[in-house]
Amino acid sequence: MLAVLVLLTTCLVVHPVQERPVAGQGETLPPGAVLRLGTLRWKHGAPVEAVAFSPDGRFVVSGSSDTTIVVWNTQTGERERTFQERSCVGSVAISRDGRY
């Protein structure tokens, strides 16, 4: 009886699931996942009021009630540039050629 109990307990050992790292972010994702909602990337200090995408899809610009405009890299989710305004940013736009 003891041998059967030992055999059953060794069969029930659970191995942890290996997660893969996300390059340069220090975060991990389960296999097959593309991104994790709730990451510290892509966040302003207050609600986002406006968003615009560059024509080539490389950048996203967001304006927030925290008085900032942020240019985000869509591949990495990192801030490329931050502009500080005097009041809440209610709209943002990107020129057709993506330069402005």
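Now for a description of the structure that goes with this document. These figures come from a predicted structure and were not determined experimentally.

### Topic: the pattern of salt bridges
Consideration 1: Scanning the model with the defined rule gives one salt bridge in all.
Consideration 2: The partner of Asp56 in a salt bridge is Arg58, with the nearest N and O atoms 3.7 Å apart.
Consideration 3: On the basis of relative accessibility, which here comes to 48%, the residue Asp56 falls in the partly exposed class.

### A word on the side chain of Asn73
Consideration 1: Within the element layout of this structure, Asn73 appears in strand β5 (residues 68–73).
Consideration 2: Within the local environment of Asn73, its side chain forms a polar contact with the side chain of Glu80, the two groups lying 3.2 Å apart.
Consideration 3: Those residues in contact with Asn73 that lie beyond four places of it in its chain are Trp42, Arg58, Phe59, Glu78 and Glu80.

### Description of unusual backbone geometry
Consideration 1: In the Ramachandran plot, Thr67 falls in the positive-phi region, its phi being about 70° despite a non-glycine side chain.
Consideration 2: Mapping Thr67 onto the fold places it in the loop between β4 (59–64) and β5.
Consideration 3: Overall, Thr67 belongs to the buried group, its relative accessible area being 17%.

Reading guide: rules and limits
- Residues numbered from 1 in each chain as written.
- Predicted model: local features only at pLDDT ≥ 70, side-chain atom pairs only at ≥ 80, totals over all residues.
- Heavy atoms only, no water.
- Salt bridge = Lys/Arg side-chain N within 4 Å of Asp/Glu carboxyl O.
- Buried < 20%, exposed > 50% of the residue type's maximum accessible area, 1.4 Å probe, protein only.
- Helix = DSSP H or I, 4+ residues; strand = E, 2+ residues; numbered from the N terminus.
- Polar contact = N/O pair within 3.5 Å; in protein donor to acceptor, adjacent residues only side chain to side chain.
- Contact = heavy atoms within 4.5 Å.

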